[in-house]
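Chain and residue survey
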Amino acid sequence: MRIQCTEASRPFIQGMELMARADLGLRQEGNVVVMNRRLKNVLEAQSHQLYSKYTDDLQTIAGVVPDEVRWLAMYRDAGWAGPDRGFWARYAVLTDAPDTARRWIDSETEQRLMDWPEPVSEETPVMLMLQRGKTYMRMQIDRKGDTDTALHALGLFDRASQRALEMAAR
């Protein structure tokens, strides 16, 4: 497991970025990316700009396309019965495995995603991912020493990692 809080490494995160990664050693099929809907909208706008840049100038893409832009193209925005409208208004769940997403985002994980301490809002960039047998988290921390937010985020990350292990054991 690796956890760090550093200057932002992604353009959609301002200030400090809290990142976590755990290699769970799972042979898991499918990928799930949970992000707040505001972030998804920002990334979609960036992907349209990137696409327009290369198609308007009749250029080929020579640079690296950010992972987040590829996810928008590769995964569909899933939805299912269970989480309330408030959850779906706040979060997008991108996946190529809707059944895995449904099982991974259980009611406890959903509740933790909805119950952030101040100053986290619907605008704060948050991503939680299950990919290639690993769990990842990236989020914006608005100020140094925001212990409540960091502890909540790490609790969410731990819950997501534990949930992935539980799913693999079945």
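Residues numbered from 1 in each chain as written. Predicted model: local features only at pLDDT ≥ 70, side-chain atom pairs only at ≥ 80, totals over all residues. Heavy atoms only, no water.

On to helix α2 (residues 67-74), then. Restricting attention to buried positions, one finds in α2 the residues Glu68, Val69, Trp71 and Leu72. For α2, the arc enclosing every buried residue in end-on projection is 155°, short of the 170-degree limit, so these residues lie on one face. Counted as exposed and oriented over 90 degrees from the buried face of α2: Ala73 and Met74. (Buried < 20%, exposed > 50% of the residue type's maximum accessible area, 1.4 Å probe, protein only. Helix = DSSP H or I, 4+ residues; strand = E, 2+ residues; numbered from the N terminus. Arc of directions from axis to C-beta.)

Should the charged atoms of two oppositely charged side chains come close, the side chains can pair. Tallying each qualifying case throughout the model produces 14 salt bridges. Put simply, Glu17 and Arg138 hold a salt bridge, and the shortest N to O gap is 2.4 Å. Pair noted here: Glu17 is in strand β2 (residues 16-23) and Arg138 is in strand β7 (residues 134-141), with a separation of 121 residues, a long-range link. Close ionic contact of Arg159 with Glu166 constitutes a salt bridge, the shortest N to O distance being 3.7 Å. Accessibility expressed as a relative area gives 32% for Glu166, which makes it partly exposed. Ionic contacts of the salt-bridge type, sharing partners, join the residues Asp106, Glu108, Arg112, Arg159, Arg163 and Glu166 into one network. (Salt bridge = Lys/Arg side-chain N within 4 Å of Asp/Glu carboxyl O.)

This part takes up the side chain of Glu68. Tracing the chain through its elements places Glu68 in helix α2. On the basis of relative accessible area, Glu68 is assigned to the buried category, the value being 2%. At a separation of 2.7 Å, a polar atom in the side chain of Glu68 contacts the side chain of Arg10. For Glu68, the residues in contact, after removing those within four places along its chain, are Arg10, Phe12, Leu43 and Met127. (Polar contact = N/O pair within 3.5 Å; in protein donor to acceptor, adjacent residues only side chain to side chain. Contact = heavy atoms within 4.5 Å.)

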